[in-house]
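# A structural walkthrough
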Amino acid sequence: MLDDDGIKCECLVTDEGNGILEIKNIATIPDYQGKGYEKAMIDFISIKYRGQYSILQVGIGDSTSTIPFCEKCGFVRSHSIKNFFTDNYKLPIYDEHGLQLVDMIYLQKIT
Ligand SMILES: CC(C)(COP(=O)(O)OP(=O)(O)OC[C@H]1O[C@@H](n2cnc3c(N)ncnc32)[C@H](O)[C@@H]1OP(=O)(O)O)[C@@H](O)C(=O)NCCC(=O)NCCS
């Protein structure tokens, strides 16, 4: 979590094996989006784990806002898992535009 006079954004970080560090569940509180918080947190993670992993990976739903954000942070589309959200969650999950998340999209960058 990034705390700047209160929590502004968060993510999970997991060791996926084979030198891959994955960032999941990225989200910034709506009122604080577009102020550089999530990018600051991703930059922090990149620096903190530099030398320990060869690939930094983001796993996200196929949402219209998060993929451009990740590309802006230097990640490149790698692969996807079809129907990840519909196969693994009982209830449908929607992005902030009301679109249902179906596939899991992975983007990567070399650390
Ligand atoms: C996507 C999200 C995490 C980005 O967080 P944020 O704190 O608003 O992003 P930042 O302010 O750090 O943005 C960093 C850069 O990315 C750009 N950016 C952010 N969102 C963008 C978008 N949707 N499209 C294109 N660029 C985007 C910013 O303009 C900024 O560029 P700059 O450095 O040139 O100014 C945030 O909008 C969010 O929480 N969205 C909804 C949650 C969600 O759907 N999470 C996915 C769970 S799978």
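Preceding this paragraph is the structure being described.
Reference entry: report on the structure contained in this document. From a predicted model like this one, the values you see are computed outputs, not experimental measurements.

Per the secondary structure count, the protein includes 3 helices and 6 strands. Secondary structure elements in the protein, listed N-terminal to C-terminal, are β-β-β-α-β-α-β-α-β. Its C-alpha radius of gyration of 14 Å places the protein within 12% of the 13 Å reference for a compact globule of 111 residues. By its C-alpha atoms, the protein is 35 × 35 × 25 Å across when sized along the principal axes. Relative to its full complement of 111 residues, the protein shows a buried share of 36%.

Phi is mostly negative for residues that are not glycine, and the peptide bonds are mostly trans. The backbone of Asn25 shows a phi angle near 55°, a positive value even though the residue is not glycine. With respect to the secondary-structure elements, Asn25 resides in strand E3 (residues 20–28). Phi is positive for Asn83, which is not a glycine, with a value near 60°. Position of Asn83 relative to the elements: it lies in the loop between strand E5 (76–81) and helix H3 (84–88).

What follows is about the packing of aromatic side chains. Evaluation of the coordinates by the stated rule reveals 5 aromatic pairs. Plain terms: the ring middles of Tyr49 and Tyr53 are 6.0 Å apart, the flat faces sit at 70° to each other, and that makes the pair edge-to-face. Their ring planes at 20° and their centres at 5.9 Å tell us that Phe85 and Tyr89 sit as a pair that is stacked. Three or more aromatic residues joined by ring pairs form one cluster here, namely Phe84, Phe85 and Tyr89. Sitting above the plane of the Tyr49 ring, Lys48 keeps its charged end 5.8 Å from the centroid.

Once that is clear, we can look at a nonpolar patch on the surface. Together, Met1, Ile7, Ile29 and Tyr32 make up a nonpolar patch on the protein surface, roughly 390 Å² of accessible area in all. Summarising the element assignment, Tyr32 is placed in the loop between E3 and helix H1 (37–48). The class for Tyr32 is partly exposed, based on a relative accessible area of 32%.

Conventions we followed
Residues numbered from 1 in each chain as written. Predicted model: local features only at pLDDT ≥ 70, side-chain atom pairs only at ≥ 80, totals over all residues. Heavy atoms only, no water. Helix = DSSP H or I, 4+ residues; strand = E, 2+ residues; numbered from the N terminus. Rg over C-alpha atoms; globule rule 2.2 N^0.38 Å. Buried < 20%, exposed > 50% of the residue type's maximum accessible area, 1.4 Å probe, protein only. Phe/Tyr/Trp six-rings, centres within 6.5 Å; stacked < 30°, edge-to-face > 60°. Lys NZ or Arg CZ within 6 Å of the ring centre and 35° of its normal. Patch = residues over 30% accessible without salt bridge, like charges linked within 9 Å, V, L, I, M, F, W, Y side chains within 5 Å. Areas by Shrake-Rupley, 256 points an atom, 1.4 Å probe, with all protein chains shown as cover. Salt bridge = Lys/Arg side-chain N within 4 Å of Asp/Glu carboxyl O.

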